[in-house]
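# Working through the structure, step by step
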Amino acid sequence: MDISALSEPTFSASDWINANYKKYRDENGKNDSAPATSFIQSYVAKLQLYVQQVNYAVEESSQQVVANMPRIAKEAATLQCDVATLQQKMSAMRQEVAAVQEETGDCMATLERLNTLQTKLQAAKESLQESDGWGNLLAELEDCFERNDLKGVCEKLTALQKSLQAQEQLPGHAERQTQVEDFKNRLEAMASPSLVQCFAESNLEQSQRHVEIFSSIQRLPQLHQYYRAVQKNVLQQQWKQTLELQVTDSQQTPHQHFLTLFYDQLLDHCQRQLKWCVQLFGDESSEVAQSQPFLVIAELLPALQPTRDAHILQLLKTSNERLELLGQYAQANQSFVLHLNSMLEQSHIVLPSDLHRQLGEAIFEYFHKFINQYPRLEETQLSTQVDRLLSNQATPSDAVHHLEDSTRKLYEWLQQACARCASITNDLALCKLITVLNGIFKRQLENFNRTQRQLSLNLGSSNSNSAGTGAARSENWSLLQYTMSQLQCLADFQLQLHQFEQTLHTRMVTLSNRLQKPSTGNAINIYQTCDRPTHTQLLASIADYQTKRAEASAATSADSLGIFPQIYATLKTYLAETHDITLNILLQPIEVHLAHIRPPVEAHTSAGINMPAFSFAPQESITQIGQYLLTLPQHLEPLLLSPSALLKQALELCNIKYTQAIPCADVLLSLVVEQCCVLYQAQIMQIKSLPASCATQLSVDIEYLSNVLEELGLTINLQLSQILILLKAAPEQYLSLSSGCEPRLVTAIRQMRNIISTQ
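All values reported here derive from a predicted model rather than from experimental measurement.

### A look at the layout of surface pockets
Volume-wise, the largest pocket comes out at about 390 Å³. For the largest pocket, the lining is made up of 18 residues, of which Asn 372, Lys 432, Asp 531, Thr 534 and Leu 538 are closest to its centre. A per-element tally of the lining of the largest pocket places helix α16 (residues 532-554) first, with 4 residues. When its residues are assigned to classes, the lining of the largest pocket shows 6 nonpolar, 8 polar and 4 charged.

Below you can see the structure in the form of structure tokens.
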């Protein structure tokens with residue numbers, strides 16, 4: 001029986017009994033209830049036996065403890081006496097130590113002072129010995145200089161430096177230090193010819209010896225300067241050879257590639273020198289050794305003769321493709337920096353921050369002059385291209401087609417200009433380019449203005465020459481098609497302008513991010529080379545455009561994104577004027593017929609006969625207007641039944657009624673009818689006198705026009721309806737029927753009909 005579970009902290013009597021009972025049943029293989037009694041009896045007996053054993057063990061342990069208690073008490077008393085004795089001895093020892101310290105304190109201070117004096121005397125002795133040997137070292141050093149013994153001079157000079165350190169406390173130290181520096185200068189002058197030759201020939205073994213020499217005299221920075229001077233001289237010669245090759249063999253080596261050729265030579269030279277410098281200066285510092293080839297580039301590029309910018313300016317003066325050349329030079333700069341960054345990353349080289357900045361300025365600083373000139377060059381090219389589009393066309397049809405073609409070409413040229421801005425200036429001239437583009441857009445809008453004037457002139461000539469004839473009608477329908485095309489072209493121009501603005505905003509946001517975080521890791525880029533005023537001005541300009549965009553977005557009616565608001569305003573004006581021309585084209589026949597409307601001649605004035613209204617027929621002019629209005633839908637529906645998205649957008653910009661969920665042809669027809677009613681009303685108001693029969697005739701004409709408009713699903717306007725009521729009113733009922741009509745109309749019609757006011 002396992003009784004170890006009884007001592008566990010989580011002991012459960014029921015679980016323990018059940019577990020043992022299950023084990024008992026499994027061992028005996030019985031499933032009835034009989035074994036339970038035998039199990040209980042057996043386990044109770046065993047537990048009683050265990051209890052007896054535990055009681056016996058506890059009693060025996062208690063007896064042993066009681067028997068040992070006197071011995072334990074005796075040992076504790078003995079231990080207490082020993083502790084008291086030890087405390088007394090330790091107190092006596094502390095007193096003895098304090099007495100010794102008091103007696104020997106002065107002696108120890110004397111010993112320390114004597115030791116210090118001994119150290120100083122030893123140093124003075126060594127200084128005197130070195131002073132005695134100083135003259136000998138000087139003589140031996142002079143002898144080595146006379147024999148041009150470079151190794152001997154180095155050894156003696158090293159010994160002289162040690163002697164100088166030993167004599168630091170002696171008088172005349174400054175003079176001795178000056179002598180040592182003079183000897184270092186003489187040694188450097190002696191070693192410099194062979195040092196330059198070793199660097200020029202890339203003789204590693206000899207160069208390492210010179211490194212040891214210059215290291216021993218603490219002149220390694222001067223050695224680095226010699227190394228860079230030799231490398232810069234070699235690269236300067238390569239630069240001159242590259243330019244001479246350009247002049248002598250311009251066909252095989254085009255002049256626009258000279259910069260790429262030199263950059264390639266510079267990269268090859270840098271890779272070779274990087275490995276060589278690690279072998280040569282590796283013992284000194286890997287960071288110093290790896291930075292030397294890049295420091296050569298940083299010091300070389302600004303000092304090239306002739307300078308890069310001077311040579312490029314000379315080439316640009318003789319070239320007709322200046323922007324293309326600048327793009328190639330900018331690409332050469334970017335490619336060079338890309339390979340340089342790749343070399344740094346692959347070699348796991350991290351340049352010091354000052355060298356990193358110096359290297360970027362050496363590569364890009366000269367090119368900022370051309371970045372400043374770029375907007376002027378771009379403006380010249382775009383102006384030349386746009387000028388070719390500003391040509392007079394013989395007919396309105398040619399003018400409209402030319403307008404569509406010129407819009408397409410303009411935005412192609414603008415996309416090319418933006419691509420050039422990115423490749424040449426990395427968008428650093430983007431804000432200045434926007435100013436240039438504003439002027440280019442204004443010049444292009446002259447085409448729209450010219451075409452619009454041409455449509456107006458054609459409409460005027462048609463009106464004066466053959467108004468109302470079949471030829472005039474045919475010409476008017478053609479002009480209507482041209483105005484629709486003009487509207488569609490204006491909408492297309494505005495849509496592309498909107499997309500162009502979005503592209504410019506995206507690029508400005510990207511430029512702002514790059515200016516605010518100019519360098520990623522150890523990568524060199526052009527943004528870190530911008531001077532502080534230019535950097536601040538660019539960020540301020542971008543922030544200004546972003547503010548204007550936010551303001552434009554807040555104004556829901558504004559279509560501009562804040563870059564070209566004046567262009568949008570001009571486009572909106574042209575859209576409205578073109579739509580007015582469209583209405584004038586449709587209203588021209590109506591105006592011609594209205595001009596022929598006169599008060600009919602009174603045939604029965606002498607007899608005083610008032611003819612009934614049914615005996616009157618509409619006048620010929622008003623019937624011609626009605627027939628014309630009835631034919632308008634069949635002419636408008638082919639144009640506006642399912643207009644293009646651009647034409648629909650243009651019409652909506654012209655008049656808010658086009659935004660309704662009805663066909664554009666119906667909206668245009670309603671605008672024509674509305675204007676027709678206004679013109680007819682103005683024509684009626686010019687009548688001075690209106691006898692009764694004439695008033696009846698005029699009311700019949702108005703009723704006829706109202707019936708025609710009802711067939712079109714339209715109605716005459718309120719003023720014309722009131723005029724009809726006033727014309728049909730009997731003189732005795734005029735006052736009562738005129739209630740609710742405009743006072744101006746009431747007075748005018750009463751005077752025409754010569755009705756005497758009762759008030």
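### With respect to empty space enclosed by the protein
Inspection of every chain in the model, using the stated rule, returns 4 cavities of 30 Å³ or more. Of the pockets and cavities examined, the second largest cavity occupies roughly 40 Å³. Of all elements in the fold, only α6 (220-248), α7 (258-281) and α8 (286-300) reach the threshold of two or more residues within the lining of the second largest cavity. Sort the elements by how many residues they give to the lining of the second largest cavity and α7 lands first, with 4 residues. Among the residues forming the lining of the second largest cavity, the class breakdown is 7 nonpolar, 3 polar and no charged.

### Some details on the confidence of the model for the protein
Scored by pLDDT, the protein comes out at a mean of 82, with 83% of its residues at no less than 70. Scored below 50 in pLDDT, residues 252-256 makes 10 contacts in the model with residues more than four places away or belonging to other chains. Low confidence marks residues 601-609, where pLDDT is under 50. Its contacts with residues over four positions away, or in another chain, come to 5 contacts.

### Re the pattern of salt bridges
By the definition in use, this model includes 15 salt bridges. Lys 232 is paired through a salt bridge with Glu 299; the nearest N and O atoms lie 3.0 Å apart. Of the two residues, Lys 232 sits in helix α6 while Glu 299 sits in helix α8, which places them 67 residues apart along the sequence. Judged by relative accessible area, which is 24%, Lys 232 ranks as partly exposed. Among the ionic contacts, a cluster of salt bridges with common partners joins Asp 405, Arg 408, Lys 409 and Glu 412.

Scoring rules and cut-offs
- Residues numbered from 1 in each chain as written.
- Predicted model: local features only at pLDDT ≥ 70, side-chain atom pairs only at ≥ 80, totals over all residues.
- Heavy atoms only, no water.
- 1 Å grid on protein atoms, 1.4 Å probe; cavity = no way out; pocket = protein on both sides within 12 Å on 5 of 7 lines; lining within 4 Å.
- Points joined across faces, edges and corners; volume = space filled by probe spheres on them.
- Helix = DSSP H or I, 4+ residues; strand = E, 2+ residues; numbered from the N terminus.
- Nonpolar A, V, L, I, M, F, W, Y, C, P; charged D, E, K, R; others polar.
- pLDDT = per-residue confidence, 0-100.
- Contact = heavy atoms within 4.5 Å.
- Salt bridge = Lys/Arg side-chain N within 4 Å of Asp/Glu carboxyl O.
- Buried < 20%, exposed > 50% of the residue type's maximum accessible area, 1.4 Å probe, protein only.

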